[in-house]
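# Overview (structure and organization)
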Amino acid sequence: LLYFHGNGGTLARRAERVRLLRQHGLGVFMLSWRGYSGSTGSPSEAHNVADARLAFDDLIRNGVPAQSIVLYGESLGTGVATQIAGERTAAGLILDAPFTSIADIGVERYPYLPVRLLLLDRYENERNIRRVHIPLLIIHGEADRTVPVQMGRAVYAAANEPKRIATFPGAGHANHVRFGSYQVVFEFIGGLERTMAATRTRLPVH
């Protein structure tokens, strides 16, 4: 699982998520954005996407097959994961609380400001998801006050098949794990594993 974290906090705040993923037998590669968790530099959309490409390519160089990599984007990280999924071959893509675009978030919060004219980092998920042609899972809390669930549904509507969305009544932006979201994640990854195993079985032997 190549994990792109969200805007708030540090890698340490994702320790419980990493523990759950590791307990399920998954390898996890999580990088810190520039300026987060002791990393140097300043974050930007261009920098974050460039660093994500490096992380993906580093996994390949270290012998991890692209068909075994699942991209996981959390909140802000969905804007990075969607772009990488449109550029690289991977097993699947998981978007955790995706927004349609940062501009749309800004307009919703600050309707009196010319947000669309001022923003440099836009993370256009609703547009970029159209370039993704790998299995997609979206998970979203229905009580999310940071990224409204309607945005997750809009990204889902714009996405190509195969795709699945799971929303969780009562769950907020970062606590849907308590509402069973990771069971859906594990089911999704299990389906990818079964598909890969079936593909290997059908390959001709020389």
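## Section: the overall build of the protein chain
Assigned secondary structure in the protein chain consists of eight helices and six strands. Ordering the α and β elements of the protein chain from the N terminus gives β-α-β-α-β-α-β-α-α-α-β-α-β-α. Over its C-alpha atoms the protein chain spans a radius of gyration of 17 Å, differing by no more than 12% from the 17 Å that the globule rule assigns to 206 residues. Expressed along its principal axes, the backbone C-alpha trace of the protein chain runs to roughly 65 × 40 × 30 Å.

## Section: the packing of aromatic side chains
Geometrically, a pair of aromatic rings is defined through the distance of the ring centres and the angle of the planes. Scanning the model with the defined rule gives four aromatic pairs in all. With centroids separated by 6.0 Å and ring planes inclined at 20°, the aromatic side chains of Phe-4 and Trp-33 adopt a geometry described as stacked. Placement of Phe-4 in strand E1 (residues 2-4) and of Trp-33 in the loop between strand E2 (29-31) and helix H2 (45-61) is noted, with a sequence separation of 29 residues between them. For the pair formed by Phe-4 and Trp-33, the shared burial category is buried. Summarising the aromatic geometry, the rings of Tyr-182 and Phe-186 are spaced 6.0 Å apart at their centres and angled 70° between planes, so their arrangement reads as edge-to-face. With Tyr-182 and Phe-186 both in helix H8 (residues 181-202) and four residues apart, this pair spans about one turn of that helix. The same class applies to Tyr-182 and to Phe-186, which are both buried. Connected via pairs of aromatic rings, a cluster forms that spans Tyr-3, Tyr-72, Tyr-182 and Phe-186. When the ring centre of Tyr-156 is taken as reference, the NZ or CZ atom of Lys-163 above it lies at 4.6 Å.

## With respect to the sheet that holds E1
If you trace the six strands from one edge of the open sheet to the other, you get E2-E1-E3-E4-E5-E6, paired in parallel fashion. Two strands in the sheet have a free side with no partner beyond their single neighbour: E2 and strand E6 (163-168). Shown here is a sheet whose adjacent strand axes are inclined to one another by a mean of 15°, direction ignored. The pairing of strand E5 (residues 136-141) with E6 spans six bridges and is classified as parallel. The partner of His-140 across the bridge, within E6, is Thr-167. Of the strands in this sheet, E1, E2 and strand E3 (70-74) touch H2, which is tilted by about 155° from E2. Each of E1, E3 and strand E4 (92-96) touches helix H3 (residues 76-87); the most contacted strand, E3, lies at about 150° to it.

## Remarks on the side chain of Asp-96
For Asp-96, the position within the fold is in strand E4. Note on Asp-96: relative accessible area 1%, which makes it buried. Among the polar contacts made by the side chain of Asp-96, one reaches the side chain of Tyr-72 at a distance of 2.7 Å. Here Asp-96 is in contact with Arg-17, Tyr-72, Gly-73, Glu-74, Ser-75, Thr-78, Ile-139, His-173 and His-176, once residues within four sequence places are set aside.

## Focus: H3
In terms of burial, H3 is a largely internal element, 10 of the 12 residues being buried. Taken together, the buried positions of H3 are occupied by Leu-76, Gly-77, Thr-78, Gly-79, Val-80, Ala-81, Thr-82, Gln-83, Ile-84 and Ala-85. Buried residues along H3 sit in contact with E1, H2, E3, E4, helix H4 (102-109) and helix H6 (125-128).

## As for the nonpolar core
Nonpolar side chains tend toward joint burial in soluble globular proteins. Grouped together as the largest cluster of nonpolar side chains are 35 residues, with contacts concentrated most on Leu-2, Phe-4, Leu-71, Leu-93 and Ile-129. Counting residues per element, the ones that place at least two in this core are E1, H2, H3, E4, H4, E5 and helix H7 (149-158). Not counting residues up to four positions away in its chain, the partners in contact with Ile-129 are Thr-82, Leu-93, Leu-95, Leu-136, Val-155, Ala-158, Ala-159 and Asn-160. By size, the runner-up hydrophobic cluster in this structure holds 21 residues, among which are Ile-94, Ala-171, Val-185 and Phe-186.

## Quick look at the side chain of Thr-100
Inspection of the secondary structure puts Thr-100 in the loop between E4 and H4. Separated by 2.6 Å, the side chains of Thr-100 and Asp-104 make a polar contact. Those residues in contact with Thr-100, other than ones at most four positions away along the chain, are Tyr-123, Glu-124, Asn-125, Glu-126, Met-151, Ala-154 and Val-155.

About the criteria used
Residues numbered from 1 in each chain as written. Predicted model: local features only at pLDDT ≥ 70, side-chain atom pairs only at ≥ 80, totals over all residues. Heavy atoms only, no water. Helix = DSSP H or I, 4+ residues; strand = E, 2+ residues; numbered from the N terminus. Rg over C-alpha atoms; globule rule 2.2 N^0.38 Å. Phe/Tyr/Trp six-rings, centres within 6.5 Å; stacked < 30°, edge-to-face > 60°. Buried < 20%, exposed > 50% of the residue type's maximum accessible area, 1.4 Å probe, protein only. Lys NZ or Arg CZ within 6 Å of the ring centre and 35° of its normal. Pairing = 2+ DSSP bridges. Axes fitted to C-alpha atoms, helices over the stretch in contact; angles between N-to-C directions. Contact = heavy atoms within 4.5 Å. Polar contact = N/O pair within 3.5 Å; in protein donor to acceptor, adjacent residues only side chain to side chain. Core = buried A, V, L, I, M, F, W, Y, C linked by side-chain atoms within 4.5 Å.

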